[in-house]
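The lines below spell out each chain.
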Amino acid sequence: MTQFDYDLFVIGAGSGGVRASRIASGHGARVAVAEEYRIGGTCVIRGCVPKKLLVYASQFADDLGHAGDYGWTIEGATFDWPKLRDAVARDVDRLNLAYTNTLNSNNVTHFLDRAEITGPNSVRLKASGQTITAKTILVATGAWPVAPTFPGAEHTITSNEVFHLETLPKRVVIAGAGYIAMEFAGVFNALGSAVTVVNRSDAILRSYDIDLRERLLAIARARGITFRFNAPFDRVDKAADGSLLVHLGDGGEPIAADVVLVATGRRAKTDGLGLENAGIALGNRGEIPVDHEGRTSCPSIFAVGDVTDRVQLTPIAIREGQAFADGQFAARPTAVSYEAIPSAVFSQPPLAAVGPTEAEARAEHGEIKVFTSDFRPMKNIFSQRIERGFYKLLVDAKTDRVLGIHMIGPDAPEILQAAAIAVKAGLTKADFDATVALHPSMAEELVLMR
Ligand SMILES: Cc1cc2nc3c(=O)[nH]c(=O)nc-3n(C[C@H](O)[C@H](O)[C@H](O)COP(=O)(O)OP(=O)(O)OC[C@H]3O[C@@H](n4cnc5c(N)ncnc54)[C@H](O)[C@@H]3O)c2cc1C
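A short tour of the structure in this document, coming up. Everything quoted here is computed from the prediction, not taken from an experiment.

Parameters at a glance
- Residues numbered from 1 in each chain as written.
- Predicted model: local features only at pLDDT ≥ 70, side-chain atom pairs only at ≥ 80, totals over all residues.
- Heavy atoms only, no water.
- Phe/Tyr/Trp six-rings, centres within 6.5 Å; stacked < 30°, edge-to-face > 60°.
- Helix = DSSP H or I, 4+ residues; strand = E, 2+ residues; numbered from the N terminus.
- Buried < 20%, exposed > 50% of the residue type's maximum accessible area, 1.4 Å probe, protein only.
- Lys NZ or Arg CZ within 6 Å of the ring centre and 35° of its normal.
- Near = heavy atom within 4 Å.
- Polar contact = N/O pair within 3.5 Å; in protein donor to acceptor, adjacent residues only side chain to side chain.
- Areas by Shrake-Rupley, 256 points an atom, 1.4 Å probe, with all protein chains shown as cover.
- Pairing = 2+ DSSP bridges.
- Axes fitted to C-alpha atoms, helices over the stretch in contact; angles between N-to-C directions.

## Some thoughts on the packing of aromatic side chains
Aromatic rings considered in pairs are described by the distance between their centres and by the relative angle of their planes.
For step 1, the next point in the chain: One pass over the full model with this rule turns up 10 aromatic pairs.
For step 2, the next point in the chain: Ring geometry for tyrosine 70 against phenylalanine 382: centres 4.7 Å apart, planes inclined by 40 degrees, an arrangement best described as tilted. In this pair, tyrosine 70 is assigned in the loop between helix H3 (48-67) and helix H4 (81-105) and phenylalanine 382 in the loop between strand S19 (368-375) and strand S20 (389-396), connecting sequence segments 312 residues apart.
For step 3, the next point in the chain: Judged by centre distance (6.0 Å) and plane angle (80 degrees), the ring pair of phenylalanine 324 and phenylalanine 329 falls under edge-to-face. Each member of the pair phenylalanine 324 and phenylalanine 329 is classed as buried.
For step 4, the next point in the chain: Ring pairing ties together the aromatic residues Trp81, Phe163, Phe184 and Phe188, which thus form one cluster.
For step 5, the next point in the chain: Sitting above the plane of the tryptophan 144 ring, lysine 269 keeps its charged end 5.1 Å from the centroid.
For step 6, the next point in the chain: Above the face of the phenylalanine 371 ring, lysine 429 is positioned so that its terminal group lies 4.3 Å from the ring centre.

Structure follows, in structure tokens:
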């Protein structure tokens, strides 16, 4: 019988890779993982976690603005970007250590090195040159920002670099209108930067319900964010003083900026991975195609998380990693359910959704009932701010089942996580109606829509 160095070799110690490694090890497998950057992966090191800390920081600007309406006098409030940036970096260090400790305490060997596949059962570590064999290989290499190709692209940054800026930029141009673009637009706007969002199409957040998108766009504009739609990048010039000038193909004026953040999407991270050495061909979007077990076209190689480009969210990568480990090392096959996945955009205000959009629900289910609530959050009552929240409930007309919930307003992600349980459980509108409102709250709108 062939002797392998490990039962499982995992490439990438991010959300999916760490979960798969420790669970497989717990099931008795000899496991090693290679990580080319920092253990923890995108979510912990340069994604969800540091991003959310910046969102919290920027929300203080809002609260300070409101505080006067509630009787407070705030004098001399100032904001210190390096202090925030360094605090965020310290928390990232803490999490990096916690994830490393998790691997150690679960007997997972880790190599801080880049791994490349050399065959169905072997990888080579780039820096050390070591070749390692394994019965099973799991690719969990995540995704990477799509690289811009216009002239002057080298003067731009991506979300990878945004957490390390020396100073808070006075003027920020953001390319793209997906969730990462809208989140950073909200952060920089609230912290006082002049923000322009530039998009090649005329829409933001394409996968979300149209009513939420329109509401967010109106509020973002009212808060001072400028949008340039149907405006592809022509080039970015850099002046001797370091300032940038963004030329767009919409015939409009160029935009002066201190930072240009490109957030135009993320692509599976497979460059130079050696997949061809195991006969694995990529899909149309550069992703690794897998079956329901996460198995690639090579029987000994599996893939989970963003690199498979099914749903690029941390909880999905974690579930896929868990399902892979249980299925392959505990003979406990578990199918990951991709139905009713809640998601959020931590814009300002945030939005959150579960289930199909209204357009998708009509296409899928035919006759549906739509319930909406358009309300002024109580916290805004004292202030001049006229921002309104908006909730939408989509109900199957035949079965009364709640198919989807779409919300924009303060704390929408926190509220939606709980409401998503009801959607996943298949509860009906009658169940919502029978639930007593929790008053006074914004969430009560969910059970008061008639
Ligand atoms: C700015 C930003 C904000 C986000 N916000 C959210 C959010 O709010 N909620 C949410 O659910 N998701 C969010 N995401 C997405 C989330 O981070 C990803 O879906 C998740 O991290 C995917 O996990 P993964 O295990 O597939 O890959 P990753 O976590 O990306 O891990 C892959 C790891 O593999 C390593 N690697 C790659 N190639 C190699 C190689 N050849 N050898 C060794 N190591 C390698 C990488 O360095 C990385 O550490 C955000 C992403 C970004 C960029």
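## Observations concerning the site of the ligand
For step 1, the next point in the chain: In the neighbourhood of the ligand, 37 residues make up the surrounding shell, with Gly16, Glu35, Thr42, Lys51 and Asp306 lying closest.
For step 2, the next point in the chain: Taking tyrosine 179, its side chain carries an N or O atom lying 3.1 Å from a nitrogen atom of the ligand.
For step 3, the next point in the chain: Bound to the protein, the ligand loses 95% of the 1,000 Å² it would expose on its own.
For step 4, the next point in the chain: Among the secondary structure elements, those contributing two or more residues to the shell around the ligand are helix H1 (15-26), helix H2 (41-46), H3, helix H6 (179-191) and helix H8 (314-329).
For step 5, the next point in the chain: Looking at the shell around the ligand, the element that brings in the most residues is H2, giving 4 residues.

## Focus on the sheet that holds strand S8 (residues 171-175)
For step 1, the next point in the chain: Pairing within the open sheet is parallel, and its 4 strands lie in the order S10-S9-S8-S14. Each end of this open sheet is capped by a strand with a single partner; those strands are strand S10 (226-228) and strand S14 (259-262). Between one strand and the next, the sheet's axes are offset by a mean angle of 20 degrees, whatever the strand orientation.
For step 2, the next point in the chain: Judged from the 4 bridges that link them, S8 and S14 form a sheet pairing that is parallel. Bridging across to S14, valine 173 finds its partner in valine 260.

## Quick word on unusual backbone geometry
For step 1, the next point in the chain: Following glutamine 348, the chain continues into proline 349 via a peptide bond in cis, with omega recorded as 5 degrees.
For step 2, the next point in the chain: Here proline 349 lies in the loop between strand S17 (343-345) and strand S18 (351-354).
For step 3, the next point in the chain: For the bond from histidine 439 to proline 440, the omega torsion is -10 degrees, close enough to zero to count as cis.
For step 4, the next point in the chain: Relative to the helices and strands, proline 440 is located in the loop between helix H11 (429-434) and helix H12 (445-448).
For step 5, the next point in the chain: Even without being a glycine, asparagine 107 presents a positive backbone phi close to 60 degrees.
For step 6, the next point in the chain: With relative accessibility at 63%, the residue asparagine 107 sits in the exposed group.
For step 7, the next point in the chain: With a phi angle near 70 degrees, aspartate 400 is a residue other than glycine that sits in the positive phi range.
For step 8, the next point in the chain: Within the fold, aspartate 400 resides in the loop between S20 and strand S21 (402-408).
For step 9, the next point in the chain: With relative accessibility at 25%, the residue aspartate 400 sits in the partly exposed group.

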